[in-house]
Amino acid sequence: MCGIVAYIGDKEAYPILINGLKRLEYRGYDSSGIAVLNGMEKITIHKKKGKVSKLEEAINGTKISGSVGIGHTRWATHGPANDVNAHPHYSESGKIAVIHNGIIENYISLKRELLEDGYTFKSDTDTEVIVQLIEQIKLKANVELEEAVRIALGKVVGAYAIVVISEDEPDKLIAAKMSSPMVIGYGENEFFVGSDGAPIVEHTRKVSYLEDGQMVVLNKDGSYYFKYIKENTNFIPFVDELTYKLEELEKGGFEHFMLKEIYEQPRAIRDSIRGRISSSEQFARLGGIYEYENAFVNADRLIFIACGTSWHSALVAEYLIEDLARIPVEVEYASEFRYRNPIITEKDIVIAISQSGETADTKAALELAKSKGAMTYGICNVVGSAISRMSDAGSYTHAGTEIGVASTKAFTTQLAVLSIMAIELAKRKGRLSVNRFQSLLTELDQLPEKVEIALKCNSITKVIADIFQDANNFLYLGRGYNFPIALEGALKLKEISYIHAEGYPAAEMKHGPIALIDENMPVLVIAPKRGHYDKVISNMEEIKARKGKIIAVVTEGDEEISRLADFVIPIPDTEECFTPILATIPLQLLAYHIAVMRNCNVDQPRNLAKSVTVE
Ligand code: AGP
């Protein structure tokens, strides 16, 4: 997704902007740019296709002075990645510059009107339409920049987080938001703006989150005011504290953020269960559930909505909650749910799972659920994110900042929180004996240590990665609780190594996919000695009979399976319902090592973004 950073204050803006863009690189992008204002002088703009380092090379020591500026990393939506389409975009006169994260749905009609009014366009972007529209309104209505921005946004349909500067009002910076995230940071007589906390946290932790339909005017003299765009009325914002830790934005000695985050999982899971379970004191409690106990216990069904890896977590939740708590669960792709006119009643609880808390489809699906009277619950990792703020209740995963585009620690902490949810609901519905309740809590409490053990398979996965790094296809198979993990393992491989991979329920093989099996098809089978172990063995026999190459994730000590598998990756034994958390670890490492061996950009895979805030 696009990244935004802006500054207004007494310091030189350029170093703050360029460093802020580097902090935003993790979001995934294809070009970047900056614009700096130095008093009444002309706006200086530099923008370049490629990485921020390319932008720096293009600037190549040119003196850029000015204490008001905007910076942007672009993830192309309208128009290819090139220098012209990179942001900032500027108006016909060159006096106004804008950066934008989002999509303007009605940009074509707006562009047509501007063209008819004699405006010309240099780029293919929807963003250029905004800046031209602002200038047109400013000139025609003879209004100040703030009012021109406000009126222009009243004509715009779609998602935006924009920041605007103008030569005519060089001591002002205006930011506005609809759907795409925006954070305002308060410094000493200076302000910072970011699409998230990453470019801000080293300067200040004191922030306000712009909500949809809001804008802020930041002045160089340190004054500011927030206002509602439509109503044109001012308001006092809530001031929050950023929870980012700067060291989380560093690699900490690892070659990639993804590997660092894979190894952070024991700590992240420990942080996500801490204070929420106790086997000795016999409790499992998520604050949000506790607060809405009756709604959950009496719910007709729980509907999970999510995308990507978070959707895989939701699939595991279905097994967990129906198995333990006996509450009907449905799992929906948020992108489908929002458009298919689903039946939702007040007796439903709609639970959104989202690491970023900003995924456009998941937000829209949640809004639909709210409009139909369902109670909403959010499971997010980013504190203060839109989904966490719009839900009636929720639980944060405490994975810490996840920089790698491929989700790892966020996924396993989602599973940990969902495990607590299932156990708590089962207990509240009287579905668990005291002994069973206690044994589940004891095992869950030991999981961080078992993840630590599972990480020891790193060297084995590296050997296997070396053998299969040139595979063109991969199959991932799992049963029961581990069917979603087969999907997740396939997604990890796809998204960072660009190898085509598919996940299937193991039993599904005989209904078609087994036709794919031959000596060139690597098949990863998740086969812990729990659940439908014997059935998985049968599936492996079927694959072996057709010369498929089998990589098996097994319970440590399982000698029987070695007879069938070409490669074996051991994980510690645990309750069947917790095997997904452990089985995921080797799949993350396998995908990581294959991607590194293929010289892929592991942390910022091509075409991908960390948070898909556009539809
Ligand atoms: C997972 O590795 C991907 N980065 C992607 O599928 C991601 O899970 C999806 O975009 C949902 O993101 P969210 O959890 O922030 O909503």
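Everything that follows concerns the structure shown earlier in this document.
On a predicted model such as this, the values are computed, not experimentally measured, just so you know. (Residues numbered from 1 in each chain as written. Predicted model: local features only at pLDDT ≥ 70, side-chain atom pairs only at ≥ 80, totals over all residues. Heavy atoms only, no water.)

Draft legend 1. A look at the packing of helix α14 (residues 409-428) against helix α19 (residues 579-597). Two numbers describe how α14 lies on α19: the axes approach to 10 Å, and their chain directions differ by 175°. As judged from the angle between their axes, α14 and α19 are roughly antiparallel. Facing α14, whose interface residues are Phe411, Thr412, Leu415, Ala416 and Ser419, α19 presents Pro580, Ile581, Thr584, Ile585 and Gln588. A class-by-class count of the residues in the contact of α14 with α19 yields six nonpolar, four polar and no charged. (Axes fitted to C-alpha atoms, helices over the stretch in contact; angles between N-to-C directions. Helix = DSSP H or I, 4+ residues; strand = E, 2+ residues; numbered from the N terminus. Parallel < 35°, antiparallel > 145°, perpendicular 65-115°, else oblique. Contact = heavy atoms within 4.5 Å. Nonpolar A, V, L, I, M, F, W, Y, C, P; charged D, E, K, R; others polar.)

Draft legend 2. Representation of the site of the ligand. In the neighbourhood of the ligand, 14 residues make up the surrounding shell, with Ser310, Ser354, Ser356, Thr359 and Glu495 lying closest. A distance of 2.6 Å separates an oxygen atom of the ligand from a polar side-chain atom of Ser310. In the model, a nitrogen atom of the ligand is placed 2.7 Å from a nitrogen or oxygen of the Val405 main chain. Computed on the free molecule, the ligand has an accessible area of 410 Å², of which 91% lies beneath the protein chains in the complex. Judged by its atoms lying within 2 Å of the grid points, the ligand is housed in the largest pocket. Contributions of two or more residues to the shell around the ligand are made by α10 (308-324) and α17 (483-497). Of the residues in the shell around the ligand, the class split is four nonpolar, eight polar and two charged. (Near = heavy atom within 4 Å. Polar contact = N/O pair within 3.5 Å; in protein donor to acceptor, adjacent residues only side chain to side chain. Areas by Shrake-Rupley, 256 points an atom, 1.4 Å probe, with all protein chains shown as cover. 1 Å grid on protein atoms, 1.4 Å probe; cavity = no way out; pocket = protein on both sides within 12 Å on 5 of 7 lines; lining within 4 Å. Sits in = over half its atoms within 2 Å of the grid points.)

Draft legend 3. The nonpolar core, seen in detail. If you look at the biggest cluster of nonpolar residues, it comprises 92 residues, and the most contacted ones within it are Leu302, Phe304, Tyr377 and Met421. Not counting the four nearest positions on each side in its chain, Phe304 is found in contact with Ala314, Ala317, Ile321, Val329, Glu330, Val331, Glu332, Ile351, Ile353, Leu418 and Met421. Core analysis: the next-biggest nonpolar cluster, separate from the first, contains 29 residues, Leu17, Val36, Leu55 and Phe257 among them. (Core = buried A, V, L, I, M, F, W, Y, C linked by side-chain atoms within 4.5 Å. Buried < 20%, exposed > 50% of the residue type's maximum accessible area, 1.4 Å probe, protein only.)

Draft legend 4. Molecular detail of the layout of surface pockets. Considered as a void within the structure, the largest pocket measures approximately 700 Å³ in volume. Looking at the largest pocket, it is lined by 32 residues, and the ones nearest its centre are Cys307, Gly308, Thr309, Leu491 and Val612. Taken together, the elements giving at least two residues each to the lining of the largest pocket come down to α10, β20 (348-354), α12 (360-371), α17 and β24 (500-505). The volume enclosed by the second largest pocket comes to roughly 550 Å³. For the second largest pocket, the lining is made up of 34 residues, of which Tyr244, Asn381, Val382, Val383 and Thr401 are closest to its centre. (Points joined across faces, edges and corners; volume = space filled by probe spheres on them.)

Draft legend 5. Representation of empty space enclosed by the protein. All told, the structure shown has two cavities of 30 Å³ or more when counted by the stated rule. In this structure, the largest cavity encloses a volume near 90 Å³. Split into classes, the residues belonging to the lining of the largest cavity amount to five nonpolar, five polar and three charged. If you add up the space inside the second largest cavity, you get close to 70 Å³. Taken together, Cys2, Arg74, Trp75, Thr77, His78, His87, His100, Asn101, Gly102, Thr125, Asp126 and Thr127 make up the lining of the second largest cavity. No other element matches the three residues that strand β6 (residues 96-104) contributes to the lining of the second largest cavity.

Draft legend 6. Seen up close, α14. In this model α14 runs 28 Å from its N-terminal to its C-terminal C-alpha over 20 residues, within 8% of the 28 Å that 1.5 Å per residue would give. Across the 20 residues that make up α14, a large majority, 18, are buried. Residue Gly430 follows α14 closely and has a positive phi angle near 65°. (Expected span 1.5 Å × (residues − 1).)

Draft legend 7. Local environment of the pattern of salt bridges. According to the stated counting rule, one finds 37 salt bridges in the structure shown. Here Asp558 ties to Lys529 by a salt bridge, and the two come within 3.9 Å at their closest N and O atoms. Pair noted here: Asp558 is in the loop between β26 (549-555) and β27 (567-571) and Lys529 is in the loop between β25 (522-527) and α18 (533-544), with a separation of 29 residues, a long-range link. On the basis of relative accessible area, Lys529 is assigned to the partly exposed category, the value being 44%. We note a salt bridge from Arg530 to Asp573, for which the minimum N-O separation is 2.9 Å. A residue pair is termed long-range when its members are at least 10 positions apart, and Arg530 in the loop between β25 and α18 and Asp573 in the loop between β27 and α19 qualify at 43 residues. Using a relative accessible area of 32% as the deciding quantity, one classes Arg530 as partly exposed. (Salt bridge = Lys/Arg side-chain N within 4 Å of Asp/Glu carboxyl O.)

Draft legend 8. Structural detail: the packing of aromatic side chains. Taken as a whole and assessed by the stated rule, the structure comprises 14 aromatic pairs. When the ring of Phe191 is compared with that of Tyr224, the centres are 5.4 Å apart and the planes differ by 65°; the resulting orientation is edge-to-face. In this pair, Phe191 is assigned in strand β10 (residues 191-194) and Tyr224 in strand β13 (residues 224-228), connecting sequence segments 33 residues apart. Taking relative accessible area as the criterion, Phe191 reaches 4% and is therefore assigned buried. Residue Tyr224 is classed as partly exposed on the basis of its relative accessible area of 35%. With a centroid separation of 4.4 Å and an interplanar angle of 25°, the aromatic rings of Tyr228 and Phe235 are classed as stacked. Among the aromatic residues, those joined into a cluster by ring pairs are Tyr186, Phe191, Tyr224, Phe226, Tyr228 and Phe235. Taking NZ or CZ as reference, Lys111 lies 4.9 Å from the ring centre of Phe121, over its face. (Phe/Tyr/Trp six-rings, centres within 6.5 Å; stacked < 30°, edge-to-face > 60°. Lys NZ or Arg CZ within 6 Å of the ring centre and 35° of its normal.)

Draft legend 9. Structural context of the sheet that holds strand β7 (residues 158-166). Taken together, the seven strands give an open sheet; going across it, the order is β5-β6-β7-β8-β12-β13-β14, and neighbouring strands pair in antiparallel fashion. Strands at the two margins of the open sheet, each flanked by one partner only, are β5 (89-90) and β14 (234-235). As defined by bridge partners, strand β12 (residues 214-219) adjoins β13 across five bridges and the pair is classed as antiparallel. Across the sheet, residue Met215 finds its bridge partner in β13, namely Lys227. (Pairing = 2+ DSSP bridges.)

Draft legend 10. Just the pairing of strand β23 (residues 473-478), in detail. β23 sits mainly inside the fold: five of its six residues count as buried. Two strands pair when backbone bridges link them, and β23 and β24 are joined in this way by six bridges, in the parallel orientation. In the sheet register, Gly478 faces β24, and the bridge partner there is Pro505. One crossover worth recording links β23 to the parallel β24 by way of α17, and it is right-handed. As paired elements, β23 and β25 share three bridges and run parallel to each other. Bridge pairing links Leu477 to Val525 in β25. (Right-handed = clockwise from strand over helix to strand, strands pointing away.)

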